[in-house]
Amino acid sequence: MAEDLKALKYLDGKRIFLRRIAETDVDYLLRAVSNPVIRKLTGTTSFYTRKQLEQAIERWSLDDSRMDLLICLKSDFKVIGDLAVLDVDHRERKGSFRIAITDEAYMSHGYGSEALHLIIPYMFDTLNLRKININVYAYNERAIKTYEKLGFVQEGIIREDLYFEGQYYDNILMGLFKDEYIPVK
């Protein structure tokens, strides 16, 4: 099994690597989208069945404007999160992404930042993008601070864009141009 997953490795970091999603990852994804903490952090309001996630993985694999990856520990191949490059527009040289550390034991330990330092240079250098966007909900202050440390700036707010657990939340749009990126020191 580890050798099969190793073949899916995409980008390699110090403590983690990013790999493509496989059909065998449906259980992980189902747990992630069912976890109340993760659902709030990501603004996930829909509920998914196993079959819906299997179909989604198939659709994602056929969509040239996106790339779906899992964040895995190098030490034991454990999946601790996911990341997706989205809305890649090669003509305009822009795109967006989303990221989530979905295993609460690994939150606030720098794994998300390490994953971002793998995917952002990939998006700028390999995909030749000039700008990257991210949407983050106003209550996710930890993520906002992380994006700001990388050079992202707030470009706008979509007021009361998410209705979650009986309350409305603002959606913050942040952007980063290639020359604004602050790499790992």
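Up top is the structure.
Fair warning: this is a prediction, and the values are worked out from it, not measured in the lab.

Turning our attention to the nonpolar core. By size, the foremost hydrophobic cluster in this structure holds 40 residues, and its most contacted members are Ile71, Phe97, Ile119, Ile120, Tyr147 and Phe152. Every element with two or more residues in this core is listed here: β2 (16-20), β3 (67-73), β4 (79-89), β5 (94-101), α5 (111-126), β6 (131-137), α6 (141-150) and β8 (167-177). A per-element tally of this core places α5 first, with nine residues. When neighbours within four sequence positions are excluded, Phe97 is seen to be in contact with Ala84, Val85, Leu86, Leu116, Met123, Ile132, Asn133, Ile134, Tyr147 and Phe152. Listed in part, the 13 residues of the second largest apolar core include Val26, Leu53, Ile57 and Val79.

Quick look at the sheet that holds β8 now. In space, the eight strands of this open sheet follow the order β1-β2-β3-β4-β5-β6-β8-β7, with mixed pairing throughout. A strand with exactly one partner marks an edge of an open sheet, and here the two such strands are β1 (9-12) and β7 (153-164). Pairwise comparison of adjacent strand axes, ignoring direction, gives a mean angle of 25° for this sheet. Of the pairings in the sheet, the one linking β4 to β5 comprises seven bridges and is antiparallel in character.

Before going further, it helps to spend a moment on α5. Spanning 16 residues, α5 covers 22 Å between terminal C-alpha atoms, matching the ideal 22 Å at 1.5 Å per step. Of all 16 residues that make up α5, twelve are buried, and the element is covered over most of its length. Following α5 by one or two positions, Asn128 adopts a phi angle in the positive range, close to 60°.

On to the side chain of Asn171, then. Tracing the chain through its elements places Asn171 in strand β8. A distance of 3.2 Å separates the side chain of Asn171 from the side chain of Asn135, its partner in a polar contact. Other than its neighbours up to four places away in sequence, Asn171 contacts Asn135, Val136, Tyr137, Gly156, Ile157, Ile158 and Asp161.

Reading the values: rules and limits
Residues numbered from 1 in each chain as written. Predicted model: local features only at pLDDT ≥ 70, side-chain atom pairs only at ≥ 80, totals over all residues. Heavy atoms only, no water. Core = buried A, V, L, I, M, F, W, Y, C linked by side-chain atoms within 4.5 Å. Buried < 20%, exposed > 50% of the residue type's maximum accessible area, 1.4 Å probe, protein only. Helix = DSSP H or I, 4+ residues; strand = E, 2+ residues; numbered from the N terminus. Contact = heavy atoms within 4.5 Å. Pairing = 2+ DSSP bridges. Axes fitted to C-alpha atoms, helices over the stretch in contact; angles between N-to-C directions. Expected span 1.5 Å × (residues − 1). Polar contact = N/O pair within 3.5 Å; in protein donor to acceptor, adjacent residues only side chain to side chain.

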